[in-house]
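Observations on chain architecture
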Amino acid sequence: MENWGSLSHLFVTVFLSNVAGLMVNPAITDVTMAAVCPGKDECSLAIYLTGFQQAIAGLGSVVMMPLIGNLSDAYGRKTLLTVPLVLSIIPLVILAWKRTTTFFYAYYVFKTLTAMVTQGGVVCIALGYLADTVSEAKRVSVFGVLSGVISAAYVCGTLAARLVSTTQIFQVAAVVSIVAAVYMRVFLKDTTRHTDALEQPILKLETESNQACCESSKKVDFIKGIPSPKDIFCLLKSSITFSLAASIAFFNSLAEAGLEACLQYFLKARFHFMKDQFADVLLIAYIGATISNVIFMPIFGPVIGEEVLLSLGLFAGFLNMFFDSIAWSAWVPYASAALGVFLFLATPNIRSIISKQVGDNEQGVAQGCILGITSFANVISPLIFSPLSALFLSETAPFHFPGFSILCVGLAWLIGFFLSTTMKFIPHRSREKVGNKDSAEA
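In this report, we go over the structure that sits alongside the text. Keep in mind that what you see is a predicted model, and the values were worked out from it rather than measured.

Quick word on the overall build of the protein
Across its full length, the protein holds 19 helices and zero strands. For the protein, buried positions account for 59% of its 442 residues. A sequence separation of at least 24 residues applies to 83% of the contacts in the protein between residues at least 6 apart. Working note: accessible area of the protein is about 17,700 Å², and carbon and sulfur atoms make up 68% of it.

Considerations on the pattern of salt bridges
All told, the structure shown has three salt bridges when counted by the stated rule. Close ionic contact of R77 with D132 constitutes a salt bridge, the shortest N to O distance being 2.7 Å. Of this pair, R77 sits in helix α4 (residues 77–87) while D132 sits in helix α6 (residues 101–133), and the two are 55 residues apart along the sequence. Owing to a relative accessible area of 1%, R77 belongs among the buried residues under this scheme. A salt bridge links E306 to K356; the nearest nitrogen and oxygen atoms lie 2.9 Å apart. With E306 in helix α13 (residues 306–325) and K356 in the loop between α16 (346–355) and α17 (363–392), the pair connects residues that are 50 residues apart, well separated along the chain.

Comments concerning helix α2 (residues 25–36)
The end-to-end C-alpha distance of α2, which contains 12 residues, comes to 17 Å, matching closely the 16 Å that a straight helix rising 1.5 Å per residue would cover. With 10 of 12 residues buried, α2 lies mostly within the body of the structure. Buried residues of α2: P26, A27, I28, T29, D30, V31, T32, M33, A35 and V36, and no others.

How each quantity is defined
- Residues numbered from 1 in each chain as written.
- Predicted model: local features only at pLDDT ≥ 70, side-chain atom pairs only at ≥ 80, totals over all residues.
- Heavy atoms only, no water.
- Helix = DSSP H or I, 4+ residues; strand = E, 2+ residues; numbered from the N terminus.
- Buried < 20%, exposed > 50% of the residue type's maximum accessible area, 1.4 Å probe, protein only.
- Contact = heavy atoms within 4.5 Å.
- Areas by Shrake-Rupley, 256 points an atom, 1.4 Å probe, with all protein chains shown as cover.
- Salt bridge = Lys/Arg side-chain N within 4 Å of Asp/Glu carboxyl O.
- Expected span 1.5 Å × (residues − 1).

By themselves these figures say nothing about function.
Right, here's the structure in full:
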């Protein structure tokens, strides 16, 4: 693999930062329930708090992801990567100190604010770093490896959650988060800066009308580094493939956020799951994801194409939710979690498709805009699925189907699957190639 030394340091940084953030996931449901509804297995307030946090963090990410991606194009990936890594430490330190109700709400506020940057910032910049470092032909493989590293972080973080007590888990996570930030600053080498990125239009298109659209919006300083809605619209209409990929990314994120908002609460109410059971289910899913992204994608991705793997991942998501929604036994969630070997194929293939639609100077802003779209889905998703989950888990449900919200999550993946079957991948020429051709014709 090209530039393996630099990439290995990036992968270690991403791995450590994700381990720190993910090892607390199985425990946070119990911590939330203990803080707001002690002694209960069902709590609508806890569900609404989780959904509200997702919505606010997602709303902030809609603005922050394109900004972070655009600024990383101009000022360097390493500089901007420092920001989410440092911010992610703060909420973990709060619960590492104490887990009383007061400290929980302090954690809740800081987590909501910092998540606007941290929940997609590391991935956004890492994708730009990989696009800077790896040739276009190998991006599907290296993006798969990045997703595999994240999945491996899920495995290790979930295993740590399974082995470490709730009392110590936030302390361990805080230490790992600090190590990630320090490791990145010491070992990671920055890529070549695109110093003209803030002065160039987001995307130079091939038609005169689209050129006029995008060239009318220039970025000349830090404050104007936020891509405008007009910039994003021009980016989305640059190709049919880009538009389809953005739509699929929206529905994929809508389903993922819905899963996060209600699955654990459903399993707790339906089968009385606790931290260890949550960890076991997640562990099965993420072991499968690691295998598929590290082994399956690099081998088969260049052969069968991103579109096929994308469709496979989306359909696996629908099947996963369908089986969970009709679960008649506590063993069903464990069995359906095995579909993680296919479910997690969707995201890296969307990212690979997007990276091939833009030039070298737009990798950060393109990935940031897509993450902004998925963040918007993160805003909408809990507004839909949190009330739906709370309703069907309560005694006032219109009909008896506790897993109805889970089935609806699966339908979002099914919509994405149907969209993916219409995608025909046509590589978009980079800005440099277009410019060279125009110069030659002149």
